[in-house]
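Breakdown of the fold
The residues making up each chain are set out below.
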Amino acid sequence: MALGVRAAPFTYVAHALAVAAAAMVLVWAIHFRGGLAIEATNKNLIFNVHPVLMLIGYIIIGSEAIMVYKVFPTLHHDTAKLIHLILHGIALVLGAVGIYFAFKNHNESGIANLYSLHSWIGIGTITLYGVQWIFGFVTFFFPGAAPNLRKSLLPWHILFGLFVYILALANAELGFLEKLTFLESGGLDKYGTEAFLVNFTALVVVLFGASVVVAAITPARLEEPQGYAPIPES
């Protein structure tokens with residue numbers, strides 16, 4: 001059923017929420033958690049790189065890749081497709097680096113790896129993201145499938161992409177919950193400023209993701225058919 005609205009308002013909301021979420025996670029990591037570091041005697045500083053890269057590098061840049069067709073509806077299709085591919089590639093690399101820093105922190109701190117649902121889903125999500133990127137590259141970019149095959153595969157590419165995106169959002173929420181639970185178990189005030197900041201950041205990410213998904217399934221123009229993007233097969 002058509003919503004009767006254009007994607008543009010939802011992209012505006014998504015971008016505003018993206019800025020808010022990015023600012024909030026940086027304030028958390030730098031102001032409350034002590035900063036970011038590639039190497040440090042305080043291993044918590046190494047871990048802090050993880051949520052920053054996963055949110056800003058993985059989810060937010062990945063969201064921009066999803067919305068590119070709606071943010072620039074008049075952009076030449078091949079150009080939009082290239083931007084879509086590059087942004088998803090950047091998100092994939094930064095997400096992998098973000099996961100590396102979680103492993104680095106655990107290994108240097110003597111903490112076990114891959115023991116939580118958050119870590120299991122995280123590895124699964126980044127793997128599916130990589131599979132989706134390779135599939136999109138081979139099918140729609142180079143060498144490229146036949147036009148009829150691309151047309152038949154496009155809905156599945158869209159559906160699977162949104163599934164992986166929603167899975168990434170859900171896992172981000174698990175990550176916020178897991179980290180905050182650990183901090184509160186270590187004495188962090190459950191009603192303190194930092195706890196509220198983490199919870200509100202997670203809430204903003206939920207609203208941000210919802211805006212991106214609605215923008216993705218809403219037409220750029222009302223006269224267009226409902227769907228992710230009016231992508232030509234040629």
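Residues numbered from 1 in each chain as written. Predicted model: local features only at pLDDT ≥ 70, side-chain atom pairs only at ≥ 80, totals over all residues. Heavy atoms only, no water.

The cut-off we apply is this: UniProt positions are given in the numbering used here, feature names are shortened, and annotations may be inferred rather than shown by experiment.
Where an unreviewed UniProt entry is consulted, the protein appears under the name Cytochrome b561 domain-containing protein, with the organism given as Urochloa decumbens. Within the UniProt record for the protein, the comment given under Subcellular location (unreviewed entry) is "Membrane".

1. Side note on the UniProt feature "domain: Cytochrome b561" (unreviewed entry) in the protein
We count it as follows: Every helix listed is a DSSP run of H or I at least four residues long, and every strand listed is a run of E at least two residues long, numbered separately from the N terminus.
Mapped onto this numbering, the UniProt entry annotates "domain: Cytochrome b561" (unreviewed entry) at residues 13-217. Regarding residues 13-217, the helix share stands at 83% and the strand share at 0%, and the terminal C-alpha atoms are separated by 15 Å.

2. Details of empty space enclosed by the protein
The cut-off we apply is this: Residues are said to line a cavity or pocket when one of their atoms sits within 4 Å of a point; the points come from a 1 Å grid over protein atoms alone, cavities being sets where a 1.4 Å probe fits but cannot get out and pockets being open sets with protein on both sides within 12 Å along at least five of seven lines. Grid points are joined across faces, edges and corners, and a volume is the space filled by probe spheres set on the points.
Enumeration according to the criterion identifies one cavity of 30 Å³ or more in this entry. The computed volume of the largest cavity comes to approximately 40 Å³. Contributing to the lining of the largest cavity are Tyr58, Ile59, Gly62, Ser63, Tyr129, Tyr165 and Ala168. Secondary structure elements with two or more residues in the lining of the largest cavity: α3 (49-71) and α6 (147-185).

3. Remarks on the layout of surface pockets
Approximately 710 Å³ is the volume attributed to the largest pocket. Lining the largest pocket are 35 residues; nearest its centre among them are Phe47, His50, Ala102, His118 and Glu178. Listing elements by their share of the lining of the largest pocket, those giving two or more residues are α2 (43-47), α3, α4 (77-109), α5 (117-141) and α6. With eight residues, the top contributor of residues to the lining of the largest pocket is α6.

4. Description of the pattern of salt bridges
Defined as follows: The working definition used for a salt bridge is a side-chain nitrogen of Lys or Arg within 4 Å of a carboxyl oxygen of Asp or Glu. Relative accessible area decides the class of each residue, using a 1.4 Å probe on protein chains only: under 20% of the type maximum gives buried, over 50% gives exposed, and in between gives partly exposed.
In total, this model carries four salt bridges according to the counting rule given. Among the salt bridges present, the one from Glu39 reaches Lys104, with a minimum N-O distance of 2.9 Å. Highlighted residues: Glu39 in the loop between α1 (8-32) and α2 and Lys104 in helix α4, separated in sequence by 65 residues. For Glu39, a relative accessible area of 54% puts it in the exposed group. Here Lys43 makes a salt bridge to Glu108, at a shortest N to O gap of 2.9 Å. On the criterion of sequence distance, the pair formed by Lys43 in helix α2 and Glu108 in helix α4 is long-range, its members being 65 residues apart.

5. Topic: α5
Applied cut-off: Given a helix with a known number of residues, its expected span is that number minus one, times 1.5 Å.
For α5, spanning 25 residues, the distance from its first C-alpha to its last is 34 Å, which sits close to the expected 36 Å at 1.5 Å a residue. Within α5, the full set of buried residues consists of His118, Ser119, Gly122, Thr125, Ile126, Tyr129, Gly130, Gln132, Gly136, Thr139 and Phe140.

6. Observations concerning a nonpolar patch on the surface
Rule in force here: Only residues whose relative accessible area exceeds 30% and that form no salt bridge enter a patch; like-charged residues are grouped when within 9 Å of one another, and nonpolar side chains (Val, Leu, Ile, Met, Phe, Trp, Tyr) when within 5 Å. Residue-level accessible areas treat just the shown protein chains as cover; the underlying method is Shrake-Rupley with a 1.4 Å probe.
A cluster of nonpolar side chains, contributed by Tyr191, Phe196, Phe200, Leu203, Val206 and Leu207, occupies part of the molecular surface with about 640 Å² of accessible area. Owing to a relative accessible area of 43%, Leu207 belongs among the partly exposed residues under this scheme.

7. Quick word on the side chain of His118
We apply this condition: A 3.5 Å cut-off defines polar contacts: any pair of N or O atoms within that distance qualifies, except that in protein one atom must be a possible hydrogen donor and the other a possible acceptor, and neighbouring residues in sequence count only when both atoms are side-chain atoms. Pairs of residues are marked as contacts when any of their non-hydrogen atoms sit within 4.5 Å.
Secondary-structure assignment places His118 in helix α5. Its relative accessible area of 17% is what places His118 among the buried residues. At 3.3 Å, the side chain of His118 and the backbone nitrogen of Gly175 are in polar contact. For His118, the contacting residues outside a window of four places in its chain are His50, Asn171, Leu174, Gly175 and Glu178.

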